[in-house]
Structure formats: C-alpha cells, structure tokens
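Each chain is listed here by its residues.
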Amino acid sequence: MAARDPEATRARIFEAAVAEFARHGIAGARIDRIATAAKANKQLIYAYFGNKAELFAIVLEKKMLDLAEAVPVDPDDIEGWVDRLMDYHAAHPELLRLLFWEGLEYGTAELPHEAERQEHYVRKVAALRDGQDRGVITDAIPARDLMFLLTALANWAAVVPQMRRILVGGEGADRDRLRASVKEAARRLVAR
C-alpha cells in the first residue's frame, strides 16, 4: 500500500482547481472533475479547502500572491514593470481568466477573503505612493487609480486577444509594436 502524502495531494488538488476554474469559472467548475484530475476523492477537497466558492477564493488568492512575489511593482521602472507583468500573464494566462470569472460571477458584491485581497492591493498602491512621494512618478493621479489604470493597460491585450488580433494585428511584429505602445503609454501616464 502506498504511503499517503497529504501535501502532494493538496498540491494536485490545487493545480487541478486552477485549471478547472480558469476553464469553467466558479459556477461551471465541477468538484468531481477536480477530484478526477487530481487523483483524489471529493471528500479530501472539501476537507482541505472547504466548499467550491472557498476553493476558488483560495486558488485566486494564492495565484495573486505568486504574481506579487514574481513581479513586484517598481515605481522607479514602470516600463520594465509593465513589461514583466505582460510576460507573467503570457506565461500564466490562468490568473487573468480567474479574475475575470470572479468579476462575472460576483460583480460588485463582496468577495470571499476580500480583506486579504485589499491588503494585497494596499502593498501595491503603497509602492506607487512611495514613488509619488519621492517624485519619480506623477502625483496628479491618486496612487490607487494609477495602479488600476496601469494594470488595465498592461493586461487588456491578454484578456481580449481577439480584439488585439483584429485591431492591432496577429503577427509577432504587431504584438511587439503593441507592447512598445503599452510601455510608452504607461511611461506617459506616470510622467511628472
């Protein structure tokens, strides 16, 4: 009989949940598909993560923490930060999908773990505010609004690739040109 490894099982469940939620959203996701993909039983999922909504919240929270660690906000190099953010989302498209599913399903209603999410953004906004206080980026736009605008600018092409292809073009040179344009727009947005 094989030895149990709860951490490995938890990790398999987590990865299966990421894929399931990114593909189907909260309402469309199925715990039985997560269990099958993770080679775990449904009871373990509930024991480790709670109900489906709680599992989704945990998945999204962890993915956002991964992004924050991998691509910290850098007010001293906004263009570089935007570049790294775009690269991250190209390599990890599931995060934006999870965020948009969350938006579709919750709208403006309070989110599970919302306090933790707010704390996540407080740190990012504080980095921009520090850049404003030091005079390296504009203070004409409140830091929280600036964070929202920069994030939208960097992420929108990944969220709506069909619009990017139709409006900008689908070739490598088109994507490169758009990336340069996004970085230039970000630089102008934060310029003093």
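Above this text you will find the structure in question.
Report follows, based on the coordinates. (Residues numbered from 1 in each chain as written. Predicted model: local features only at pLDDT ≥ 70, side-chain atom pairs only at ≥ 80, totals over all residues. Heavy atoms only, no water.)

## Here we look at the overall build of the protein chain
Per the secondary structure count, the protein chain includes 10 helices and zero strands. The secondary structure elements of the protein chain, listed N-terminal to C-terminal, are α-α-α-α-α-α-α-α-α-α. Each principal axis of the C-alpha atoms in the protein chain carries an extent, and together these give about 65 × 40 × 35 Å. In the protein chain, buried positions account for 35% of the 192 residues. Considering only residue pairs separated by 6 or more positions, the protein chain has 63% of its internal contacts joining residues 24 or more positions apart. Carbon and sulfur atoms form 55% of the exposed surface of the protein chain, whose accessible area is close to 11000 Å². Averaged over its 28 positive side-chain charges, the protein chain has a centre that lies 5 Å from the centre of its 30 negative ones. (Helix = DSSP H or I, 4+ residues; strand = E, 2+ residues; numbered from the N terminus. Buried < 20%, exposed > 50% of the residue type's maximum accessible area, 1.4 Å probe, protein only. Contact = heavy atoms within 4.5 Å. Areas by Shrake-Rupley, 256 points an atom, 1.4 Å probe, with all protein chains shown as cover. Lys, Arg positive; Asp, Glu negative; His and termini not counted. Charge placed at Lys NZ, Arg CZ, Asp CG, Glu CD.)

## Focus: the packing of aromatic side chains
On inspection of all chains with the given rule, the structure shows three aromatic pairs. Their ring planes at 90° and their centres at 6.4 Å tell us that tyrosine 48 and phenylalanine 49 sit as a pair that is edge-to-face. Judged by relative accessible area, which is 22%, tyrosine 48 ranks as partly exposed. The exposure class assigned to phenylalanine 49 is buried, which follows from its relative accessible area of 9%. Ring plane angle 55° and centroid distance 6.4 Å describe the contact between phenylalanine 100 and tryptophan 156, whose orientation is recorded as tilted. Here phenylalanine 100 is found in helix α6 (residues 93-106), whereas its partner tryptophan 156 is found in helix α8 (residues 143-159), with 56 residues between them in sequence. Between arginine 10 and the ring centre of tyrosine 48, over which it is positioned, the NZ or CZ distance is 4.2 Å. (Phe/Tyr/Trp six-rings, centres within 6.5 Å; stacked < 30°, edge-to-face > 60°. Lys NZ or Arg CZ within 6 Å of the ring centre and 35° of its normal.)

## Quick notes on unusual backbone geometry
A positive phi is found at lysine 39, a non-glycine position, where the angle reads about 55°. In this structure, lysine 39 sits in the loop between α2 (31-38) and α3 (42-49). Of the residues examined, lysine 39 reaches a relative accessible area of 70% and is grouped as exposed. In the Ramachandran plot, histidine 113 falls in the positive-phi region, its phi being about 65° despite a non-glycine side chain. Here histidine 113 is to be found in the loop between α6 and α7 (114-133).

## Thoughts on a nonpolar patch on the surface
There is a patch of nonpolar side chains on the surface, built from Phe100, Trp156, Met163, Ile166 and Leu167 and spanning about 550 Å² of accessible area. With three residues, helix α9 (residues 161-168) is the single largest residue contributor to the nonpolar patch. On the secondary structure map, isoleucine 166 appears in helix α9. The class of isoleucine 166 is exposed, set by a relative accessible area of 61%. (Patch = residues over 30% accessible without salt bridge, like charges linked within 9 Å, V, L, I, M, F, W, Y side chains within 5 Å. Salt bridge = Lys/Arg side-chain N within 4 Å of Asp/Glu carboxyl O.)

## Looking at helix α4 (residues 52-70)
Across its 19 residues, α4 extends 27 Å between first and last C-alpha, which sits within 8% of the 27 Å expected from 1.5 Å per residue. When we look at burial in α4, the residues that qualify are Leu55, Phe56, Ala57, Val59, Leu60, Lys63, Met64 and Leu67. Lining the buried residues of α4 we find α1 (6-28), α2, α3, α5 (78-91), α6 and α7. Two to three positions downstream of the cap, the backbone nitrogen of alanine 53 sits 3.2 Å from a side-chain oxygen, assigning the N-cap of α4 to asparagine 51. (Expected span 1.5 Å × (residues − 1). Polar contact = N/O pair within 3.5 Å; in protein donor to acceptor, adjacent residues only side chain to side chain.)

## Comments concerning the nonpolar core
Membership of the largest hydrophobic core comes to 46 residues, with the highest contact counts inside it found for Phe21, Ile34, Leu55, Ile78, Trp81 and Leu128. Per-element accounting of this core gives the leading share, eight residues, to α1. With sequence-adjacent residues up to four places away left out, tryptophan 81 is seen in contact with Val71, Pro72, Val73, Asp74, Met147, Leu150 and Thr151. (Core = buried A, V, L, I, M, F, W, Y, C linked by side-chain atoms within 4.5 Å.)

Note that every value here comes from positions in space, so none of it alone points to a role or purpose.
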